[in-house]
Amino acid sequence: MAGLLSNKNFKITNGDKIVYLNSLANKAKSKGQKVINATVGMLYDENGELSNISFVDDIIKNAPKDVKKYGSISGGKDFSDALYSWLFSNVTLDKINYYIIATFGATAALSLSIKNYCSSSQEVLVPSIRWSNYDTISKMACCEVKEYNLFNGNDKLDIESIKHVVNESIKKHQRAYLLINDPCQNPTGYTLEINEWKELLSFLKEKSNEGPIVLLDDIAYLNYSETNYEKVFALFNEYIDENFMIHVTFSASKTLGIYGYRGGALIGLCKNKVDLDDFKVSCEGSARGIWSMPNSLTCRIITEIFKDPEKEKIVREDIKKYRLLLKERADLFFEECEMVGLVTYPYNGGFFVLIPCEEPELICDKLIKKNVFAVPMSGGLRVALSSLSKKEITGLAKIIKNVMR
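The sections below set out a description of the structure shown in this document. (Residues numbered from 1 in each chain as written. Predicted model: local features only at pLDDT ≥ 70, side-chain atom pairs only at ≥ 80, totals over all residues. Heavy atoms only, no water.)

## As for the overall build of the protein
Then comes step 1: Regarding its fold elements, the protein presents 15 helices and twelve strands.
Then comes step 2: Referenced to the eigenvectors of the C-alpha coordinate spread, the extents of the protein come out at roughly 60 × 55 × 55 Å.
Then comes step 3: Expressed as a percentage of its 405 residues, the buried residues of the protein come to 55%.
Then comes step 4: Residue pairs in contact within the protein that sit at least 24 positions apart in sequence constitute 76% of those at least 6 positions apart. (Helix = DSSP H or I, 4+ residues; strand = E, 2+ residues; numbered from the N terminus. Buried < 20%, exposed > 50% of the residue type's maximum accessible area, 1.4 Å probe, protein only. Contact = heavy atoms within 4.5 Å.)

What follows is the structure in structure tokens.
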């Protein structure tokens, strides 16, 4: 029977390019073909094995039977304290009230935030170059997306473009919801400079006098950045205001390499207790109606590692090792890009590099014929350094350049 779908816009969510291209690459590999799979945002070592963070496997293996029980909707106080310590232990947040709710990855955290803080008649303000799933999440919340230009002519954040779309949203809706992906933005690898954050936060604080503003910072790749992000969190404390709330989405999937366990959190930061209570009630209520309870095993992994200073220290060293590996891969890739004249967007770290091109879908199709799999996205072709060994990266820039010719 035709015509039963109530919202035709949801048809675009039937399958994701990244998932689809990854499946094509795996299918070719299963047939014994030599494949370069630069599609998926999972971190592999040089032997093609998923990153192995200390204690994670032992916690999973030795988890007690009660981990099968329902836990707290929010993840519980121990979970909240542990994650707060991991993110904010060296930051003074004396002007901020906070609440942390466990989610199924950062994707679910994004969904909770947008669902509860961006009305159906309002736009989610997103960068012109972005992770495509932001659009799907927004549409599932019955919200549209409106782009701000990510880069100005000097390869820096186009803050003037952000100011413009925020001003327009305030005029039209008397409120604004702005999404930033920082540090190590997906898909470019760009990280805002501290002066960019200061200008942005100063503007948002001032503008919030005209209507409520929510800033969401998606920090999924935080621990694979060289930036001292504590300075950014300190700015949150300085600029947060009565009508200006900040949401932070955390990905345990990326941080601890537990992608399939779907671990994450939404952190609400605000100035007054009333707004915090509203955040708690709305997010817990929505979570209860979508996934009911968080993954108890994932919450346990996060709690056991982050609450123990010795374990935390070792895990940070593990992550540093993988961060340096990503840098080695990036250095190799950019060295070869320079040799063949392949241009990329500015990259400061993280899983991905974006190559600007006018017809990324066409370039992608041509690369597939050579068993090279990358992802066409807004602005260009995304290459996941996270999933490639240095051996696989060697010569890749030349292949892409030749196809683009």
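Still more ground to cover, so stick around.
## Quick notes on the environment of Ile-267
Then comes step 1: The topology assignment puts Ile-267 in strand 8 (residues 264-270).
Then comes step 2: Considered as a pair, Ile-267 and Ile-246 are 21 residues apart in the sequence and their alpha carbons are 8.3 Å apart.
Then comes step 3: In this structure, Ile-267 is in contact with Leu-83, Leu-87, Phe-88, Tyr-99, Ile-100, Ile-246, His-247, Val-248 and Phe-279, ignoring residues within four places of it in sequence.

## Considering the sheet that holds strand 9 (residues 352-356)
Then comes step 1: Judged by pairing direction, the sheet is antiparallel, and its three strands sit side by side in the order 9-12-11 without closing on themselves. Each edge of the open sheet is held by one strand with a lone partner, namely strand 9 and strand 11 (375-377). Between one strand and the next, the sheet's axes are offset by a mean angle of 35°, whatever the strand orientation.
Then comes step 2: As paired elements, strand 9 and strand 12 (residues 380-384) share five bridges and run antiparallel to each other. Directly across from Ile-355, in strand 12, lies its bridge partner Leu-381.
Then comes step 3: Contacting strand 11 and strand 12, helix 13 (residues 360-368) crosses the sheet at an angle of about 45° to strand 12. (Pairing = 2+ DSSP bridges. Axes fitted to C-alpha atoms, helices over the stretch in contact; angles between N-to-C directions.)

## Section: the packing of aromatic side chains
Then comes step 1: Tallied over the entire structure, the rule returns 19 aromatic pairs.
Then comes step 2: A ring pair is formed by Phe-233 and Phe-236, whose centres lie 5.9 Å apart and whose planes are at 65°; its orientation type is edge-to-face. Taken together, the residues Phe-233 and Phe-236, both in helix 8 (residues 230-239) and three residues apart, mark about one turn of the helix.
Then comes step 3: Overall, the relative accessible area of 1% leaves Phe-236 in the buried class.
Then comes step 4: An aromatic cluster of three or more residues is present, and its members are Tyr-84, Phe-88, Tyr-98, Trp-197, Tyr-229, Phe-233 and Phe-236.
Then comes step 5: The residue whose ring lies beneath Lys-311 is Phe-55, and the NZ or CZ to ring-centre distance is 5.6 Å.
Then comes step 6: Here the basic side chain of Lys-321 rests over the ring of Tyr-322, its NZ or CZ set 4.8 Å away from the ring centre. (Phe/Tyr/Trp six-rings, centres within 6.5 Å; stacked < 30°, edge-to-face > 60°. Lys NZ or Arg CZ within 6 Å of the ring centre and 35° of its normal.)

## Side note on the sheet that holds strand 3 (residues 123-127)
Then comes step 1: Taken in spatial order, the seven strands of this open sheet run 2-8-7-6-5-3-4, and their pairing is mixed. For this open sheet the edge positions go to strand 2 (97-103) and strand 4 (144-148), each flanked by a neighbour on one side alone. The sheet shows a mean angle of 20° between the axes of neighbouring strands, direction not considered.
Then comes step 2: Note that strand 3 and strand 4 share five bridges and pair parallel. Residue pairing across strands places Val-126 opposite Glu-147, the latter belonging to strand 4.
Then comes step 3: On top of the sheet, helix 4 (residues 105-117) reaches strand 2, strand 3, strand 5 (176-181), strand 6 (213-218), strand 7 (244-251) and strand 8; it is set at about 160° to strand 7, its chief contact.

## Some words on the pattern of salt bridges
Then comes step 1: As enumerated under the stated definition, the model contains 20 salt bridges in all.
Then comes step 2: The salt bridge partner of Lys-77 is Asp-81, with a shortest N-O separation of 2.6 Å. With Lys-77 and Asp-81 both in helix 3 (residues 77-88), this residue pair falls four residues apart, about one helical turn.
Then comes step 3: Between Arg-323 and Glu-226 there is a salt bridge whose closest N-O contact spans 3.5 Å. You can see Arg-323 sitting in helix 12 (residues 309-340) and its partner Glu-226 sitting in the loop between strand 6 and helix 8, a full 97 residues away along the chain.
Then comes step 4: With relative accessibility at 18%, the residue Arg-323 sits in the buried group. (Salt bridge = Lys/Arg side-chain N within 4 Å of Asp/Glu carboxyl O.)

## So, the side chain of Gln-185
Then comes step 1: Along the chain, Gln-185 turns up in the loop between strand 5 and helix 7 (194-207).
Then comes step 2: On the basis of relative accessible area, Gln-185 is assigned to the buried category, the value being 3%.
Then comes step 3: Separated by 2.7 Å, the side chains of Gln-185 and Thr-188 make a polar contact.
Then comes step 4: When sequence neighbours within four positions are dropped, the list of residues in contact with Gln-185 reads Pro-127, Ile-129, Arg-130, Leu-150 and Tyr-190. (Polar contact = N/O pair within 3.5 Å; in protein donor to acceptor, adjacent residues only side chain to side chain.)

## Looking at the packing of helix 4 against helix 10 (residues 273-290)
Then comes step 1: Contact pair helix 4 / helix 10: the axes reach a minimum separation of 10 Å and the direction vectors enclose 115°. Considering the relative orientation of helix 4 and helix 10, their crossing is right-handed. When helix 4 is examined against helix 10, the residues Leu-112, Lys-115, Asn-116 and Tyr-117 are found in contact with a partner set consisting of Asp-275, Asp-278, Phe-279, Ser-282, Cys-283, Ser-286, Ala-287 and Ile-290.
Then comes step 2: Considering only residue class, the contact of helix 4 with helix 10 consists of six nonpolar, three polar and three charged. (Left-handed = near helix turned anticlockwise from the far one by under 90°. Nonpolar A, V, L, I, M, F, W, Y, C, P; charged D, E, K, R; others polar.)

## Quick notes on helix 13
Then comes step 1: Along helix 13, the residues classified as buried are Pro-360, Ile-363, Cys-364 and Leu-367. Viewed along the axis of helix 13, the buried residues span an arc of 100°, placing them on a single side of the element.
Then comes step 2: Looking at the buried residues of helix 13, the elements they touch are helix 1 (17-30), strand 10 (372-373), strand 11, strand 12 and helix 15 (396-404). (Arc of directions from axis to C-beta.)

## Focus on the environment of Leu-326
Then comes step 1: Structurally, Leu-326 can be placed in helix 12.
Then comes step 2: A relative accessible area of 2% means that Leu-326 is categorised as buried.
Then comes step 3: It is 23 Å that separates the C-alpha atoms of Leu-326 and Cys-364, two residues lying 38 residues apart in sequence.
Then comes step 4: Excluding residues within four positions of it along the chain, Leu-326 makes contact with Leu-43, Tyr-224, Tyr-347, Gly-350, Phe-351, Leu-385 and Ser-386.

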